[in-house]
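Structural description and commentary
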Amino acid sequence: MSDEKEVSPYGEIYEIQINDMELYAIEPLICDAICANELTIADARRKLGILTEVSEQTEMLSTIQQCEGKNVIFKGVLDQLGMPWER
């Protein structure tokens, strides 16, 4: 036997147990969150062209990056649930 641990590329893997009714509710919640984040991203990008102060631009860029990161996580969860994200 090898003493090496199996390395997970994204950190620790957690498992959760949910029943059919909860699964039925989770997909729309995640999809709604993705859509809300996409609207926030679009709004922030629109405002970027208007803003002149560096602090305001930095805040909008931070908002965009945060929402895009959340969407990557949400889409990954949907993929794991066998419900890939489609527009």
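Owing to the predicted nature of the structure, the values given are computational and were not obtained by experimental measurement. (Residues numbered from 1 in each chain as written. Predicted model: local features only at pLDDT ≥ 70, side-chain atom pairs only at ≥ 80, totals over all residues. Heavy atoms only, no water.)

A few points about the packing of helix H1 (residues 20–48) against helix H2 (residues 54–80)
H2 packs onto H1 with a crossing angle of 155 degrees between their chain directions and a minimal axis gap of 9 Å. Of the possible angle classes, the one that applies to H1 and H2 is roughly antiparallel. When the axes of H1 and H2 are compared, the crossing they make is left-handed. Residue composition of the contact of H1 with H2, grouped by class: 14 nonpolar, 5 polar and 7 charged. (Axes fitted to C-alpha atoms, helices over the stretch in contact; angles between N-to-C directions. Helix = DSSP H or I, 4+ residues; strand = E, 2+ residues; numbered from the N terminus. Parallel < 35°, antiparallel > 145°, perpendicular 65-115°, else oblique. Left-handed = near helix turned anticlockwise from the far one by under 90°. Nonpolar A, V, L, I, M, F, W, Y, C, P; charged D, E, K, R; others polar.)

Remarks on the pattern of salt bridges
Counted under the stated rule, the structure contains 3 salt bridges. Between aspartate 43 and arginine 46 there is a salt bridge, and its shortest N-O distance comes to 2.5 Å. A residue pair is termed a helical-turn pair when its members lie 3 or 4 positions apart in one helix, as aspartate 43 and arginine 46 do in helix H1 at 3 residues. The partner of lysine 47 in a salt bridge is aspartate 43, with the nearest N and O atoms 3.3 Å apart. With lysine 47 and aspartate 43 both in helix H1 and 4 residues apart, the pair spans about one turn of that helix. Salt bridges sharing partners connect three or more residues here, namely Asp43, Arg46 and Lys47. (Salt bridge = Lys/Arg side-chain N within 4 Å of Asp/Glu carboxyl O.)

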